[in-house]
Amino acid sequence: MSIKKFSINEKQAIKEYYETYGYVVIENLLDKGKIQKFIDSYEKIKHSKYFVFFSQDTHLPIQPKLTPEGFIENSMLNPASLKLWRNFSRSVEECLVDKSVTDTLTTLSGRTSHVMMQNMFFDKSTGTIEHQDHYYLDSDPSGNMLATWYALEDIHEDAGCFFVLPGSHKGKVIERNNVENFSEHDSFVKQIKTLIDENQYEYKSFPLKKGDVLFWHPYTIHGAYNNADPRYSRKSLTAHYYPSDMKAMYAKKEPKVRTTVNPNVVILGSELDTYQSNFMYYVKAIVNYVKNRKPDYDMRRDSYAQ
């Protein structure tokens, strides 16, 4: 199935397609030099026995676990905030706030400045369950958050492709009843499955080319397939933004932010808070190892297989 792609200058067409289908792909958007800088930095840190990051798929701080092919199995949450590994985090940030990317955010939101809520890095696909981002995070007013997925290499179809369900952003939105935690997560997963079955939504996968960037709506149902061939990685970044004149949903108080290399984008979390959380990753990783703590919940497809 072919993938409709746009160039950055097709602003009206980009906005119309996004509003109709709940996603849009911009071709060759991310600078290749920035991608290579990130890859070089990543290859240096992934073998370090001192490197600890927060895993997005298990929600625990861990050390890298490499596959026999040399890919990190777990996804990283907020790699742009790993300040103890400055060169790596800076290379992530430079990709995420590339001017071409933020220009497209402006095309879609009509705003010139945005707040980055979170970001992630995937080396090997973790096989993510179908979900709507709104359940986890969104803008306030809701529905104005913009999510992005950056292909850092040519993505092979057997690598565990990212997918969306086109038009699903116009259907029912599953709300999180308990805003304090995700205690109803299993119920949410079941509700999403029912929603898909009832509406017979189409699945569309994205074996994108290096430098392509996918944007999607917070109500759009999406996820990622399991890796079907261990020879292929799925090196990619994701990030979530909301217009700076809005607030973050579920936030109890006005969040602290820090600047980036792009004056039109700030990231949630102050510099001090970021360093403190980096330090706590190491403390928690040791405690969890001693206690043999397991995830409270995770996002892996295999964990919800029938």
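Rules used throughout
- Residues numbered from 1 in each chain as written.
- Predicted model: local features only at pLDDT ≥ 70, side-chain atom pairs only at ≥ 80, totals over all residues.
- Heavy atoms only, no water.
- Helix = DSSP H or I, 4+ residues; strand = E, 2+ residues; numbered from the N terminus.
- Rg over C-alpha atoms; globule rule 2.2 N^0.38 Å.
- Buried < 20%, exposed > 50% of the residue type's maximum accessible area, 1.4 Å probe, protein only.
- Contact = heavy atoms within 4.5 Å.
- Areas by Shrake-Rupley, 256 points an atom, 1.4 Å probe, with all protein chains shown as cover.
- Lys, Arg positive; Asp, Glu negative; His and termini not counted.
- Charge placed at Lys NZ, Arg CZ, Asp CG, Glu CD.
- 1 Å grid on protein atoms, 1.4 Å probe; cavity = no way out; pocket = protein on both sides within 12 Å on 5 of 7 lines; lining within 4 Å.
- Points joined across faces, edges and corners; volume = space filled by probe spheres on them.
- Nonpolar A, V, L, I, M, F, W, Y, C, P; charged D, E, K, R; others polar.
- Core = buried A, V, L, I, M, F, W, Y, C linked by side-chain atoms within 4.5 Å.
- Disulfide = S-S within 2.5 Å.
- Axes fitted to C-alpha atoms, helices over the stretch in contact; angles between N-to-C directions.
- Parallel < 35°, antiparallel > 145°, perpendicular 65-115°, else oblique.
- Left-handed = near helix turned anticlockwise from the far one by under 90°.
- Pairing = 2+ DSSP bridges.

Trainee: What exactly am I supposed to notice about the overall build of the protein here?
Mentor: Within the protein one finds six helices and 15 strands. For the protein, the C-alpha radius of gyration of 18 Å lies close to 19 Å, the compact-globule estimate for 306 residues. In the protein, buried positions account for 54% of the 306 residues. Intrachain contacts of the protein at a sequence separation of at least 6 include 79% that bridge at least 24 residues. Here the protein has roughly 14200 Å² of accessible surface; of this, 49% comes from carbon and sulfur atoms. Between the centroid of the 39 positive side chains of the protein and the centroid of its 39 negative side chains there is a distance of 5 Å.

Trainee: So what exactly am I meant to see when it comes to the layout of surface pockets here?
Mentor: Gaps left between atoms are located by rolling a probe of water-molecule size over the structure's atoms. Computed from the structure, the largest pocket encloses a volume of approximately 1400 Å³. Every residue lining the largest pocket is counted, 50 residues in all, and those nearest its centre are L77, N78, M117, Q118 and L268. At the level of elements, β5 (114–122), β11 (222–224), β12 (236–243), β15 (265–268) and α6 (271–291) are the ones that each hand at least two residues to the lining of the largest pocket. When the residues that make up the lining of the largest pocket are grouped by side-chain class, the tally is 23 nonpolar, 17 polar and ten charged. A volume near 540 Å³ is recorded for the second largest pocket. In this structure, the second largest pocket is lined by 22 residues; those nearest its centre are P61, I62, Q63, K65 and A285. For the lining of the second largest pocket, the secondary structure elements donating two or more residues are β3 (61–62) and α6. A total of five residues in the lining of the second largest pocket trace back to one element, the largest contributor, which is α6. Broken down by class, the residue content of the lining of the second largest pocket amounts to eleven nonpolar, five polar and six charged.

Trainee: I'm lost on the nonpolar core in this one. Help?
Mentor: Nonpolar side chains in soluble globular proteins tend to be buried together. Ranked by size, the top nonpolar core spans 62 residues in total, and within it L96, Y150 and L214 carry the most contacts. Among all residues touching L214, those that are not within four sequence positions of it are Y23, V24, V25, A147, T148, W149, F162, V164, F206 and L208. Of all hydrophobic cores here, the second largest spans 21 residues; its members include I129, L137, L195 and Y304.

Trainee: Looking at this model, I keep getting lost on the state of the cysteines. Mind explaining?
Mentor: Cysteine pairs can be linked by a disulfide, which is a covalent bond between their two sulfur atoms. By the definition in use, this model includes zero disulfides. The thiol sulfur of C95 is not disulfide-bonded, and the nearest other cysteine sulfur, from C161, lies at 20 Å. Residue class for C161 comes out buried when judged on its relative accessible area of 1%.

Trainee: Just checking my understanding: could you explain the packing of helix α2 (residues 32–45) against helix α3 (residues 86–96) for this structure?
Mentor: Helix packing for two helices is described by the angle between their axes and how far apart those axes are. Between α2 and α3, whose axes approach to 9 Å, the crossing angle comes to 155°. One finds that α2 runs roughly antiparallel with respect to α3. Regarding α2 and α3, the two cross each other, and that crossing is left-handed. Residues K34, I35, K37, F38, S41, Y42 and I45 of α2 lie in contact with α3, whose contacting residues are N87, F88, S91, V92, E94 and C95. Of the residues in the contact of α2 with α3, the class split is seven nonpolar, three polar and three charged.

Trainee: Would you explain the sheet that holds strand β9 (residues 204–205) in this entry?
Mentor: Whether parallel or antiparallel, the strands of a sheet pair through hydrogen bonds between backbone atoms. On the basis of which strands lie adjacent, the open sheet formed by three strands has the order β9-β8-β11 and antiparallel pairing. Strands with a single pairing partner mark the edges of an open sheet, and in this sheet they are β9 and β11. Bridge count between strand β8 (residues 162–164) and β11: three bridges; the pairing is antiparallel. Residue pairing for β11: F162 is matched across the bridge by A224.

Trainee: So what exactly am I meant to see when it comes to the pairing of β15 here?
Mentor: Looking down a regular strand, the side chains alternate between one sheet face and the other. Of the strand pairs in this sheet, β5 and β15 are connected by three bridges, and their pairing is parallel. Residue pairing for β15: H114 is matched across the bridge by V265. Summarising the sheet, strand β14 (residues 257–259) and β15 pair through three bridges and their orientation is antiparallel. The residue bridging T259 from the neighbouring strand is V266, located in β15.

Trainee: Would you explain the environment of E198 in this entry?
Mentor: As for its placement among the helices and strands, E198 is situated in helix α5 (residues 185–199). With a relative accessible area of 61%, E198 lands in the exposed category. Taking C-alpha positions, E198 is 38 Å from K253, a pair spaced 55 residues apart along the chain.

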